[in-house]
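Per-entry structural report
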Amino acid sequence: MYDWLVDNEFSPHLLVDIAIEGVQVPSGYAQDGKIVLNVSPSAVRALSLENDGISFEARFSGRAMIVWVPVQAVLAIYARENGEGMMLQGLDDGEPPPDGQPPEPPETPDPGDDPSTKGTRRGHLKVVK
């Protein structure tokens, strides 16, 4: 996802849960237990994306810091420009549903149920068995 964002000239940002053990970020920039980190190539140095975590050097208020974020602390990665991206963990408590199954997606309404489409022509294809 990071490479795709950079290749398409977006500025990748990470949403990080700072309560996760091992997170090393400047806490003064956190809000509600989370921090947003700009990880675009122009904002960081020595970026390392590994299986166990993400590390890089960045400046915060002019002071260089080394940042370490365990993978389990990353809640989302998204483009600053349009907010499009990927949620990696739930923003509530991070727990999976009790039965271990992902939640069902909401049902999409049948366009035939919409009164505003009454009288409009529907497709002409039929299912043949």
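Throughout, residues of each chain are indexed from 1 in the direction in which the sequence is written. Residue-level local features of this predicted model are given only where pLDDT is at least 70; pairs of side-chain atoms are given and counted only at 80 or more, and the full residue set underlies all totals for whole chains, interfaces and linings. Side-chain measures here rest on the full set of heavy atoms in the structure, leaving out hydrogens and waters.

A word on the nonpolar core. Joining through side-chain atoms within 4.5 Å is the link that ties buried Ala, Val, Leu, Ile, Met, Phe, Trp, Tyr and Cys residues into a set, and such a set is a nonpolar core. Type-normalised accessible area, obtained with a 1.4 Å probe on protein chains alone, sets the label of each residue: buried when under 20%, exposed when over 50%, and partly exposed for intermediate values. Counting residues in each nonpolar core, the largest one holds 21 residues, and the members touching the most others are L14, V16, V25, L37, F56, V67 and V69. For this core, the secondary structure elements donating two or more residues are α1 (2–7), β1 (12–17), β2 (34–38), β4 (53–60), β5 (63–70) and β6 (74–79). The criterion used for residue contact is that any of the two residues' heavy atoms lie within 4.5 Å. Residues contacting F56, with those up to four places away along its chain left out, are L37, V39, V44, R45, A46, L47, M65, I66 and V67. Helix numbering and strand numbering both begin at the N terminus, where a helix is a DSSP run of H or I of at least 4 residues and a strand a DSSP run of E of at least 2.

Further remarks concern the layout of surface pockets. For cavity detection a 1 Å grid was placed over the protein atoms alone, and a set of points counts as a cavity when a 1.4 Å probe fits there but cannot get out; an open set counts as a pocket when protein lies on both sides within 12 Å along at least five of seven lines, with lining residues being those that have an atom within 4 Å of a point. Grid points are joined across faces, edges and corners, and a volume is the space filled by probe spheres set on the points. Computed from the structure, the largest pocket encloses a volume of approximately 190 Å³. Forming the walls of the largest pocket are M1, Y2, L14, V39, L49, I54, V71, V74, I77, M86 and L88. Amino acids outside the nonpolar list (Ala, Val, Leu, Ile, Met, Phe, Trp, Tyr, Cys, Pro) and the charged list (Asp, Glu, Lys, Arg) are all regarded as polar, and Gly is one of them. Here the residues of the lining of the largest pocket sort into 11 nonpolar, no polar and no charged.

Spatial ordering of the open sheet is given by β3-β4-β5, a layout of three strands whose pairing is antiparallel. The open sheet is flanked by β3 (45–49) and β5, the only strands paired with a single partner. Ignoring which end each strand starts from, the neighbouring axes of this sheet average 20° apart. Inspection of the sheet shows β4 paired to β5 by eight bridges, in the antiparallel sense. In the sheet register, F60 faces β5, and the bridge partner there is R63. A pair of strands counts as paired when DSSP detects no fewer than two bridges linking them. All axes here are fitted lines through C-alpha atoms, helices being fitted over the stretch that makes contact, and every angle between N-to-C directions spans 0 to 180 degrees.

Attention now goes to the sheet that holds strand β7 (residues 85–87). A sheet is described by the order of its strands in space; here four strands give the open sequence β2-β1-β6-β7, paired in antiparallel fashion. Edge positions in the open sheet fall to β2 and β7, since each of these has one partner strand only. Along the sheet, successive strands turn relative to each other by an average axial angle of 20°, direction set aside. In the sheet, β6 pairs with β7 via three bridges, with the strands oriented antiparallel. Bridging across to β7, I77 finds its partner in M86.

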